Amino acid sequence: MGNLVNSLRITVVRFNGKNGFMRSSHLTLSFVFALFPFCLFALSLAGVLSPQAQVDDIIDFAIGAWPDAIAGPIESELRAVLQAGSSTLTLGAVLAIVFASNGVDAIRLVITDAYRDTDPRPFWKVRALAILFVIAGSALFTAAGVVSVVVPVVIHFFDDLVPWLDQSILSNDEFRQGVIFAVTSFFLFACHRWLPGVPHKARSLWPGILLCLGLWFVASKVFTFYISSFSTYSVTYAGLAGIMSALVYLYLMSAIFVLGAEFNGQLMDEARSRGETV
């Protein structure tokens, strides 16, 4: 345990020394530009796979785990964009894939730099991988959203046969939160496992992933409390207060992601110094 704490301390120093805050800004901006194209494509894909797909269900699943004070401004803009968009795969949806892939590539760069790797793959292969991540992520996103909605409905349908199911975790909002957590965990693992050009063992990836998940949860609670109790954004930014709060929140989440990747990188460096393979 003491070694992990010391490694974390070195990671914080390493984060600051490698311009971690600047890289977090780049990741935040890339995510903002990728968010709307990704949701547009996900809606188009959902429209093809399921004509009954609802905009509200997609939005609720996409940002349902975000604090209400942060999700509000983004939700309103997403709703406007998605309701004005098409539910069929069009040229616009194809372009949305390309734009959303830029966010995936930004994640790849952060992880590769944190692991001190050099990506040997050519540009076309890296871009193809980013596009594949967007398409696969949209499919997983749509499937998980359907599961989070359908399972509670099915449980309620069988309420008369198995009454206790209606009171179980499968029938309430906790189930949706569990699905979101599972998808988020898999997304982080997929990014760390398959985006870098140099593969690493799974056991070398989980420390940073778990640190990221834990800090995301704590930071969300703390930032929500700050926004509701002490924030003066409404005075400083007036009508832009909601957007500024969302940007600061996304920046905080990006910084934690970079820190998690750097934590893995530090542990890998220590393992290499001991002659271990990572």
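Since the model is a prediction, treat every value here as computed from it, not as a measurement. (Residues numbered from 1 in each chain as written. Predicted model: local features only at pLDDT ≥ 70, side-chain atom pairs only at ≥ 80, totals over all residues. Heavy atoms only, no water.)

A. Focus on the environment of Cys-191. Looking at the secondary structure, you find Cys-191 in helix α7 (residues 173–194). A relative accessible area of 1% means that Cys-191 is categorised as buried. A sequence separation of 58 residues divides Cys-191 from Phe-133, and the C-alpha atoms of the two residues are 8.9 Å apart. Dropping the residues within four chain positions of it, Cys-191 is found in contact with Ile-107, Ile-111, Phe-133 and Pro-196. (Helix = DSSP H or I, 4+ residues; strand = E, 2+ residues; numbered from the N terminus. Buried < 20%, exposed > 50% of the residue type's maximum accessible area, 1.4 Å probe, protein only. Contact = heavy atoms within 4.5 Å.)

B. Summary view of the nonpolar core. Counting residues in hydrophobic clusters, the biggest one holds 49 residues, and the most contacted among them are Trp-216 and Phe-257. Of all the elements in the fold, those that place two or more residues in this core are α2 (20–49), α4 (68–84), α5 (91–114), α6 (123–157), α7, α8 (206–229) and α10 (241–273). Per-element tally for this core: the top contributor is α10, with 12 residues. Once residues lying within four places of it in the same chain are set aside, the contact partners of Trp-216 are Thr-184, Leu-188, Met-253, Ile-256 and Phe-257. (Core = buried A, V, L, I, M, F, W, Y, C linked by side-chain atoms within 4.5 Å.)

C. Fine view of unusual backbone geometry. One non-glycine residue, Asn-19, lies in the positive phi region at around 55°. Along the chain, Asn-19 turns up in the loop between α1 (2–17) and α2. In the Ramachandran plot, Arg-116 falls in the positive-phi region, its phi being about 60° despite a non-glycine side chain. In this structure, Arg-116 sits in the loop between α5 and α6. With a relative accessible area of 54%, Arg-116 lands in the exposed category.

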